[in-house]
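# Inside the fold
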Amino acid sequence: MLTYLIGGAVALVVLLIIFRMVWRVAEPNEALIISGLGAHSSNEQVNETLGFKIVVGRGTAVLPGFQTVRRLPLDIRATPLTVTCVSSQGIPLHIKGVTAYKVGDDYGSIANAARRFLEQSDEQVMGTIHELFAGHLRAIVGSTTVEEMLHDRETLTTNIRGSLAGDMEKLGLVVDSLQIQEIDDESGYIRNLGRPQAAAVEAAARIAQAERDKEATEREQVAAAAKAAAVRQSSIAQAGYQAEVDQANSKASQSGPLAEALARQEVVVAETETAKLNASLAEKQLESSVLKPADAEAYRQRTLAGAARDAQIAAAEANAREVTLRGEAQAKATELTGKAEAAAVQAKAMAEAAGIKARAEALATNTDAVVAQQLAEAYPQIVAAAASSFEKVGNMVVLNGAQGIEDTLVKTITMGGSGFALAKQLIESLSSKEDAKPTLEPVPDQTA
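Quick notes on the rules
Residues numbered from 1 in each chain as written. Predicted model: local features only at pLDDT ≥ 70, side-chain atom pairs only at ≥ 80, totals over all residues. Heavy atoms only, no water. Helix = DSSP H or I, 4+ residues; strand = E, 2+ residues; numbered from the N terminus. Buried < 20%, exposed > 50% of the residue type's maximum accessible area, 1.4 Å probe, protein only. Contact = heavy atoms within 4.5 Å. Areas by Shrake-Rupley, 256 points an atom, 1.4 Å probe, with all protein chains shown as cover. UniProt positions renumbered as here; feature names shortened; annotations may be inferred. pLDDT = per-residue confidence, 0-100. Pairing = 2+ DSSP bridges. Axes fitted to C-alpha atoms, helices over the stretch in contact; angles between N-to-C directions. Salt bridge = Lys/Arg side-chain N within 4 Å of Asp/Glu carboxyl O. Patch = residues over 30% accessible without salt bridge, like charges linked within 9 Å, V, L, I, M, F, W, Y side chains within 5 Å. Parallel < 35°, antiparallel > 145°, perpendicular 65-115°, else oblique. Nonpolar A, V, L, I, M, F, W, Y, C, P; charged D, E, K, R; others polar. Polar contact = N/O pair within 3.5 Å; in protein donor to acceptor, adjacent residues only side chain to side chain.

Here the focus is the overall build of the chain. Check the secondary structure of the chain and you find ten helices and eight strands. Looking at the 448 residues of the chain, the share that counts as buried comes to 19%. Partitioning the intrachain contacts of the chain with sequence separation of at least 6 by distance along the chain shows that 74% fall at a separation of at least 24. For the chain, the exposed surface amounts to about 31,100 Å²; the carbon and sulfur share of it is 60%.

Below is the structure:
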């Protein structure tokens, strides 16, 4: 199995090598010309049967040993032209130019170029093209004047290309470009043709130069006048400037005294303003410290005077009203006082009568209680009176200590007990006397 694989691989490699040896590919700027066994073109490519095969832009198989392949360049080429010829006026001319040509793109042009230029060097091809162009150029120039060639080179190149078209087609070539670069002669004809024009141009140039010189002179004079005026103006300005400088210097020399005088003037003005401000300030201070307080005091005095006057008027009215009311009140009070006094006298009398009656009844029923009440009411005076007996005593010796003091006080207090019977007798006697008094009647109201 491995042997078969190796054999197959070797066979594949051999086939690739063989294919690489027999296969040829035409580049975009070339044509393959294949001749030999079986190499011929068909009627579809050209109108005639060729003894070789043309391949453009593709690949083809070439049998080694039986077929030969050659490459025909299809790119553009340029050839310089230098031709000596005679114009229709018999004037010998030297014409220099350049032409660009290439093999045509169709199979007929490629076939014609292959028959004529295959295996030729570039120098040989360029020599052939140069001779072809030189012949046609001499023919065209021989039927054309120098003036026509000079003035209309485009027509000259068109005529040359038209004359070359047939021969170039037979060679399988196409002219891409043809340029006539230079036309010259040894006799000076072309130069003399330009002399009238040159003279006219020179004359026009001289006239123009003269006019320009005139204009330049006029402008120079105007410029000179303007310059003089400018110099004059500058001198005047400089004089003015010098005067200003002198004035400035003079002012500068007097600047010290002038500045001092101005400073004094400014000081006087400042002092004047200060005095005005001080006067205004004093006026404001006088107004605030004297005038306004005086106005306020006057207003206060006027207000107080008005208030005092109003108070006096009110007081007078109040006094008058008070006198009136007081009289009325006194009269009313007198009346009420009389009534009150009468009622009080009557009430007092009735109260005393009731008290006497009650005391009498109490004495009648309980003399001891009444006496005890009277003694109780008078007990502070009794004790004070008993104690007053010790006021004259300077030193008192009490025996038995605290017990002796207690016995002394008890004896002093019980001294009033001996007077209890006496008091009872006095109360009874007084009660009997009061019962003997006539009964008081109510006092009639005297104020009615």
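All right, on to the UniProt feature "coiled-coil region" (unreviewed entry) in the chain then. As annotated by UniProt and renumbered to match this structure, "coiled-coil region" (unreviewed entry) occupies residues 200-227. In the segment residues 200-227, helix accounts for 100% and strand for 0%; the C-alpha atoms at its two ends are 38 Å apart.

The next subject is the confidence of the model for the chain. When pLDDT is averaged along the chain, the result is 75; 74% of the residues meet or exceed 70. At the level of individual helices and strands, the chain shows its lowest average pLDDT in helix α10 (residues 415-436), which scores 53, and its highest in strand β7 (residues 92-103), which scores 89.

Strand order in the open sheet formed by three strands is β3-β2-β5, and the pairing between neighbours is antiparallel. The sheet is open, and its two edges are formed by β3 (52-56) and β5 (67-73), each paired on a single side. Neighbour-to-neighbour, the strand axes of the sheet open up by a mean angle of 25°, direction not taken into account. Sheet topology places strand β2 (residues 30-36) next to β3; five bridges connect them, and they run antiparallel. Considered in β3, the bridge of L32 is made with V55. Against the sheet, helix α2 (residues 107-117) makes contact with β2, β3 and β5, and its axis sits at roughly 125° relative to β3, the strand it touches most.

Okay, the pattern of salt bridges next. Within the structure shown, the criterion is met by four salt bridges. Measuring nitrogen to oxygen at the nearest pair gives 3.8 Å for the salt bridge that ties E211 to R212. Looking at R212, the relative accessible area reads 40%, which means it is partly exposed. Here the salt bridges share partners, and the residues they tie into one network are E211, R212 and E215.

With that settled, the discussion passes to a nonpolar patch on the surface. There is a patch of nonpolar side chains on the surface, built from L2, L5, I6, V10, V14, L15 and I18 and spanning about 660 Å² of accessible area. Here L5 is to be found in helix α1 (residues 2-22).

Time to look at the packing of α2 against helix α5 (residues 153-171). Describing two packed helices takes the angle between their axes plus the distance from one axis to the other. Packing of α2 against α5 leaves a shortest axis separation of 6 Å and a crossing angle of 75°. In terms of orientation, α2 and α5 fall into the roughly perpendicular class. Note on element contacts: α5 touches α2 through E169, K170 and L171, opposite N112, A113, R116 and F117. Class assignment for the residues of the contact of α2 with α5 results in three nonpolar, one polar and three charged.

Here we come to the pairing of strand β6 (residues 77-86). Two elements, β6 and β7, share ten bridges in a ladder whose sense is antiparallel. Of the residues in β7, the one forming a bridge with V83 is I95.

Here the focus is the sheet that holds β6. The strand order across the open sheet built from three strands is β6-β7-β8, with neighbouring strands paired in antiparallel fashion. Edge positions in the open sheet fall to β6 and β8 (173-184), since each of these has one partner strand only. Within the sheet, the average angular offset between the axes of one strand and its neighbour, ignoring direction, is 25°. Its contacts with the sheet put helix α3 (residues 122-142) on β6, β7 and β8, and the angle it makes with β6 is roughly 40°.

Residues of α2 that are buried include every one of S109, I110, A111, N112, A113, A114 and F117, and no others. N-cap assignment for α2: the residue whose side-chain oxygen lies 3.3 Å from the backbone N of G108 is D106. Two residues or fewer past α2, E119 is found with a positive phi of approximately 75°.

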